[in-house]
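# Topology and contacts: notes
For reference, the chains in residue letters:
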Amino acid sequence: MNFEINKGIGRNVEFKGLESQYLFVFAAGLLAVFVVFVILYMTGVNQWVCIGFGVTAATLLVWLTFRLNAKYGTHGLMKAAARKRHPRYVLNRLKIPRLFTKYKKE
């Protein structure tokens, strides 16, 4: 099987429709689901419960990753996270003369 990873020079990495950081989210998520599956199985949880968890979590991860990719695009997820951390406005309720006075440190 031959999979084409890059579509050209200077373009973002794309694989099966997933672009750039979503590939890493997808791979890390599948790895995390697998690790949790193995931990559950090793602790003695019923085999069918482990399989059900693995299939459900992997399906949810695939759906969510492709949904985020379609909604935000290549760099939109980082922009949305930055927008949430940025204050909408800055308040300054000090009176103007008080802005120019120096305070002594004690």
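Just above sits the structure.
These notes cover the structure that comes with them. If you're wondering where the values come from, they're calculated on a predicted model, not measured in any experiment.

Helices and strands together make up the secondary structure of the protein, namely 4 helices and 2 strands. What you see in the protein, going N to C, is helices and strands ordered as β-β-α-α-α-α. For the protein, contacts bridging at least 24 residues in sequence account for 53% of all contacts bridging at least 6.

Nonpolar side chains collect at one region of the surface, where Leu31, Phe34, Val35, Val38, Ile39, Tyr41 and Met42 lie side by side and expose about 730 Å² of accessible area between them. One can find Val35 in helix α1 (residues 21-42).

A few words now on helix α2 (residues 47-72). Its 26 residues give α2 an end-to-end C-alpha distance of 37 Å, which sits within 8% of 38 Å, the value for a rise of 1.5 Å per residue. Along α2, the residues that are buried comprise Cys50, Gly54, Ala57, Leu61, Thr65 and Asn69. Summarising the contacts, the buried residues of α2 are in contact with β2 (18-19) and α1. Just downstream of α2, Gly73 is the residue with a positive phi angle, here 80°.

The next point concerns the side chain of Thr65. The topology assignment puts Thr65 in helix α2. In this structure the side chain of Thr65 is engaged in a polar contact, spanning 2.7 Å, whose partner is the backbone oxygen of Leu61. Setting aside chain neighbours within four positions, we find Thr65 in contact with Leu18, Tyr22, Val25 and Phe26.

The next subject is the packing of α1 against α2. It is the contact of α1 with α2, at a shortest axis distance of 10 Å, that shows an interaxial angle of 170°. Viewed along their axes, α1 and α2 adopt a mutual orientation that is roughly antiparallel. Split into classes, the residues belonging to the contact of α1 with α2 amount to 18 nonpolar, 5 polar and no charged.

Attention now goes to the environment of Ala70. Assignment of secondary structure puts Ala70 in helix α2. It is 9.6 Å that separates the C-alpha atoms of Ala70 and Glu19, two residues lying 51 residues apart in sequence.

Mapped onto the elements, Asn69 comes out in helix α2. The buried category is assigned to Asn69, whose relative accessible area is 10%. Leaving out residues up to four positions away in the same chain, Asn69 has contacts with Gly17, Leu18, Glu19 and Tyr22.

Here is what the cut-offs are and how they apply
- Residues numbered from 1 in each chain as written.
- Predicted model: local features only at pLDDT ≥ 70, side-chain atom pairs only at ≥ 80, totals over all residues.
- Heavy atoms only, no water.
- Helix = DSSP H or I, 4+ residues; strand = E, 2+ residues; numbered from the N terminus.
- Contact = heavy atoms within 4.5 Å.
- Patch = residues over 30% accessible without salt bridge, like charges linked within 9 Å, V, L, I, M, F, W, Y side chains within 5 Å.
- Areas by Shrake-Rupley, 256 points an atom, 1.4 Å probe, with all protein chains shown as cover.
- Salt bridge = Lys/Arg side-chain N within 4 Å of Asp/Glu carboxyl O.
- Expected span 1.5 Å × (residues − 1).
- Buried < 20%, exposed > 50% of the residue type's maximum accessible area, 1.4 Å probe, protein only.
- Polar contact = N/O pair within 3.5 Å; in protein donor to acceptor, adjacent residues only side chain to side chain.
- Axes fitted to C-alpha atoms, helices over the stretch in contact; angles between N-to-C directions.
- Parallel < 35°, antiparallel > 145°, perpendicular 65-115°, else oblique.
- Nonpolar A, V, L, I, M, F, W, Y, C, P; charged D, E, K, R; others polar.

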